[in-house]
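Next come the chains, spelled out residue by residue.
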Amino acid sequence: MMKNITKYLLIFSLALLGFASQAQTKAEPWTESQLMQTKELADIINNPKAEKPLIINIGPQAVIKGSVDVGPGKEKDNIKKLEKMLSKENKNREVVLYCGCCPFDKCPNIRPAFSLIKEKGFAKAKLLDVPKNIKTNWIDPGYPVN
């Protein structure tokens, strides 16, 4: 009897551990292939012959040359502005979102905005990979600014 109780407790504990680890590894709305490196975007901006993506700032300030400012993606009014802007765009156009306020794991702006762009069916949606912040990963390397 005691062996059965121990066995069931062990199984129950393992099941709980499995659920807890799944909750902690919540999937991001973007995939690895949807991340664009900063140098790649800078090279596109600096190449006069390159087709330019729609670059949208969803953070505190539009810093990147040619980007359009929507404002922080954590605010519902700004998500509505983004939705309105996207409604006028071709769904096959490359669109690059960026924030840069902080590392991705702490950023409150990128998830709501990227979720919207995916929901709207943009096939070439990208998120600029800003590991630390916009100053460190864009301004300091001398990439083009507004």
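As shown above, the structure is provided for reference.
A quick note: this is a predicted structure, and the numbers were derived from the prediction, not measured.

About the thresholds
Residues numbered from 1 in each chain as written. Predicted model: local features only at pLDDT ≥ 70, side-chain atom pairs only at ≥ 80, totals over all residues. Heavy atoms only, no water. Pairing = 2+ DSSP bridges. Helix = DSSP H or I, 4+ residues; strand = E, 2+ residues; numbered from the N terminus. Contact = heavy atoms within 4.5 Å. Axes fitted to C-alpha atoms, helices over the stretch in contact; angles between N-to-C directions. Phe/Tyr/Trp six-rings, centres within 6.5 Å; stacked < 30°, edge-to-face > 60°.

Q: Give me the sheet that holds strand E5 (residues 125-129): which residues, what numbers.
A: Taken together, the five strands give an open sheet; going across it, the order is E1-E5-E4-E2-E3, and neighbouring strands pair in parallel fashion. Two strands lie at the open edges of the sheet, namely strand E1 (35-37) and strand E3 (68-69), each paired on one side alone. Note: E1 against E5, three bridges, orientation parallel. Paired with Leu 35 across the two strands is Leu 127, which belongs to E5. Running over the sheet, helix H2 (residues 38-46) touches E1, strand E2 (54-57), strand E4 (95-98) and E5 and is turned about 70° from E1. Against the sheet, helix H4 (residues 110-119) engages E4 and E5, with an angle of about 155° to E5.

Q: A description of the packing of aromatic side chains should follow, citing residues and the corresponding values.
A: Summed over all chains, the structure comprises three aromatic pairs. For the ring pair Trp 30 and Phe 114, a centre distance of 6.1 Å and an interplane angle of 85° mean the geometry is edge-to-face. Of the two residues, Trp 30 sits in the loop between helix H1 (2-24) and E1 while Phe 114 sits in helix H4, which places them 84 residues apart along the sequence. Among the aromatic residues, those joined into a ring-pair cluster are Trp 30, Phe 104 and Phe 114.

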